[in-house]
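# Structural overview
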Amino acid sequence: METRLAPTHTPETLHQAVTAAVAELQAGNPVALPTETVYGLAADALRPGAVVKIFEAKERPLFDPLIVHLPSEDWLERITAIPPRSRRLVEGLIRRFWPGPLTLVLPRRDNVPDLVSSGLPTVAVRMSAHPVFNSVCSAFGRPLAAPSANRFGRISPTTAQHVMTELGGRIPLILNGGATEYGLESTIVKVEGSVLRLLRAGPVTPEGLGSVWRSVKESQAEIPNEVDVSEFFEKLGITFPAIPPSNEGLLIEAPGQLLTHYAPMTPMRLLPRPLDFVPPTASKRRLGLLAFSQAPAGKDFTQVEILSATGDLREAAATLFAKMRSLDEGGLDLIYAEAVPETGLGIAIMDRLRKATVQNVQ
Ligand code: TXA
Ligand code: MG
């Protein structure tokens, strides 16, 4: 199959690209589209025969459910059944973070195909803020199921070229919207009654979620303080020094995601303090370093990639996957990744680095 790459940078090319994408979606085919987080591989969410092609192109196991992207907010009530106890919280989160990089997991209605939710009683929903994604979704007029547009278990694509490398020859069309803004997949929270469970760290930080939860709680005096989050951090064996104790109402949970997600092909290890680290110079191994803000002087690395020379976590998140790919393509034997400060967006970056390096933990 030939994969077309459609530009979107002028009003004319955008119009042509949207028309071509909608035609493919109507024919039941998947199309790769930019979102503000990463590129997604989209298909008609309410048509199992279209959704199954996403799984085929990605070689994704059928037990891994997809995120449904809504063309407008009114679709939320059409595919989810929001429990009365969760309503204020859901409305607060939507008002603050939609459209944007926040995915909500809510009880689903019967029109959501089992293939989309993997037979779970819940469905993951979000509204993208990306103009290209939105133009396609609005013109199509139906929700789009869209996982990241990479082969299963690989790094999420943040450029159209990455999508071509991952899925070229397997899908008919990629819309080129340039590099994505955030570079990390959306934050996923499950709304359970009046409590939030963080399933995946992302651009919307625990601090941001906690502040909405608190403001809803303050306006709803009858909701008891149900949780002590520190217990959940401990269970994971992860410390979140930056999360203030005021993050009540937010539970953190390791989701049903496979631990080898986001992994480059080259073995990768996490380094807590790279500046003190002395690579084994005598060895003939080609070593790579994914550094946070500076290259360590006088160290024997074959390739060094720096996430943000100014130590900006936003820039680091936006470039993380592209730099990981670049190191992966460098013919290296081993890649070291420097830990970043675990505050704000750094929590999501460290989550991805841990997942990329976990198979190397002895
Ligand atoms: O930023 C994003 O979220 C991107 C863009 C394309 O929107 N999408 C994305 O999709 O990252 P994907 O399929 O790569 O990751 C979705 C995650 C999976 O780990 C899946 O297990 C989880 O969401 N998920 C989906 N439905 C769920 C549900 N009902 N309950 C719990 N987890 C769910
Ligand atoms: Mg993915």
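Residues numbered from 1 in each chain as written. Chains lettered and ligands numbered in written order. Predicted model: local features only at pLDDT ≥ 70, side-chain atom pairs only at ≥ 80, totals over all residues. Heavy atoms only, no water.

Attention now moves to the overall build of the protein chain. A tally of helices and strands in the protein chain yields eleven helices and 15 strands. Burial analysis of the protein chain (362 residues in total) assigns 56% to the buried set. By sequence separation, contacts in the protein chain at least 24 residues apart represent 69% of the contacts at least 6 residues apart. Surface accessibility of the protein chain: about 14,900 Å² in total, with carbon and sulfur atoms responsible for 54%. (Helix = DSSP H or I, 4+ residues; strand = E, 2+ residues; numbered from the N terminus. Buried < 20%, exposed > 50% of the residue type's maximum accessible area, 1.4 Å probe, protein only. Contact = heavy atoms within 4.5 Å. Areas by Shrake-Rupley, 256 points an atom, 1.4 Å probe, with all protein chains shown as cover.)

Bringing the site of ligand 1 into the picture now. Close to ligand 1 lie 24 residues; T37, D64, H69, S186 and R200 are nearest. Here a nitrogen atom of ligand 1 and a side-chain polar atom of T122 are 3.0 Å apart. The side chain of S186 places a nitrogen or oxygen atom 2.6 Å from an oxygen atom of ligand 1. The fraction of the free accessible surface of ligand 1 (680 Å²) that becomes covered by protein chains is 94%. Among the elements of the structure, β4 (67-69), β6 (122-126) and β10 (195-200) are those that each provide at least two residues to the shell around ligand 1. Element by element, the count of residues in the shell around ligand 1 is highest for β6, at four residues. Partitioning the shell around ligand 1 into residue classes produces twelve nonpolar, seven polar and five charged. (Near = heavy atom within 4 Å. Polar contact = N/O pair within 3.5 Å; in protein donor to acceptor, adjacent residues only side chain to side chain. Nonpolar A, V, L, I, M, F, W, Y, C, P; charged D, E, K, R; others polar.)

In this structure the tally under the stated criterion is one aromatic pair. Seen from the ring of W75, R78 lies directly overhead, with NZ or CZ sitting 3.7 Å from the centre. (Phe/Tyr/Trp six-rings, centres within 6.5 Å; stacked < 30°, edge-to-face > 60°. Lys NZ or Arg CZ within 6 Å of the ring centre and 35° of its normal.)

Now for the pairing of strand β2 (residues 31-34). Burial along β2 is two-sided: V31 and L33 and A32 and P34, pointing in opposite directions, are all buried. As paired elements, β2 and strand β3 (residues 39-44) share four bridges and run antiparallel to each other. Considered in β3, the bridge of L33 is made with G40. From the end of β2 to the start of β3, which pair antiparallel, there are four residues. Two elements, β2 and strand β8 (residues 173-176), share two bridges in a ladder whose sense is parallel. Among the inter-strand pairings, V31 is bridged to a residue of β8, identified as L173. (Pairing = 2+ DSSP bridges.)

With that settled, consider the pattern of salt bridges. For the structure shown, the criterion picks out 19 salt bridges. Across the salt bridge formed by R108 and D114, the nearest N and O atoms sit 2.7 Å from each other. Note that R352 and D351 form a salt bridge whose closest N and O atoms lie 2.6 Å from each other. D351 carries the same exposure label as R352, and that label is buried. Residues joined in a network through salt bridges with shared partners are R151, R154, E166 and R325. (Salt bridge = Lys/Arg side-chain N within 4 Å of Asp/Glu carboxyl O.)

Turning to the packing of helix α4 (residues 87-97) against helix α8 (residues 206-218), a few remarks are in order. It is the contact of α4 with α8, at a shortest axis distance of 9 Å, that shows an interaxial angle of 135°. In terms of their interaxial angle, α4 and α8 are classed as oblique. The handedness of the crossing between α4 and α8 is right-handed. Residues R88, L89, G92, L93, R96 and F97 of α4 form the contact with α8, whose own contacting residues are G208, L209, S211, V212, W213 and V216. Residues that form the contact of α4 with α8 fall into these classes: seven nonpolar, three polar and two charged. (Axes fitted to C-alpha atoms, helices over the stretch in contact; angles between N-to-C directions. Parallel < 35°, antiparallel > 145°, perpendicular 65-115°, else oblique. Left-handed = near helix turned anticlockwise from the far one by under 90°.)

The sheet built from four strands is open, its strands ordered β12-β15-β13-β14 with parallel pairing. Both outer strands of the open sheet, β12 (268-271) and β14 (303-306), are each paired with one neighbouring strand and no more. Each strand of the sheet is rotated relative to its neighbour by a mean of 20°, with strand direction disregarded. Sheet topology places strand β13 (residues 287-291) next to β14; four bridges connect them, and they run parallel. Across the sheet, the residue bridging to G288 is Q303, located in β14.

Looking now at the nonpolar core. Core analysis: the largest hydrophobic core is formed by 48 residues, its most contacted members being L104 and V125. Those residues within four positions of V125 in sequence are excluded, and the remaining contacts are I67, V68, L70, L76, I79, T80, W98, L102, T103, L104 and L106. Counting residues in each nonpolar core, the second largest holds 26 residues, with L290, L307, I347 and A356 among its members. (Core = buried A, V, L, I, M, F, W, Y, C linked by side-chain atoms within 4.5 Å.)

Moving on to the pairing of β6. Within β6, five of the five residues are buried, leaving the element largely enclosed by the surrounding structure. The alternating pattern of β6 places T122, A124 and R126 and V123 and V125 on opposite faces, both of which are buried.

The next point concerns the confidence of the model for the protein chain. Low pLDDT marks stretches whose predicted atomic positions should not be read closely. For the protein chain, per-residue confidence averages 87 on the pLDDT scale, and 85% of positions sit at 70 or higher. pLDDT under 50 marks residues 222-247. Its contacts with residues more than four places away, or in other chains, come to 44 contacts. In the model, residues 252-260 has pLDDT below 50 throughout and makes 21 contacts with residues more than four positions away in sequence or in other chains. (pLDDT = per-residue confidence, 0-100.)

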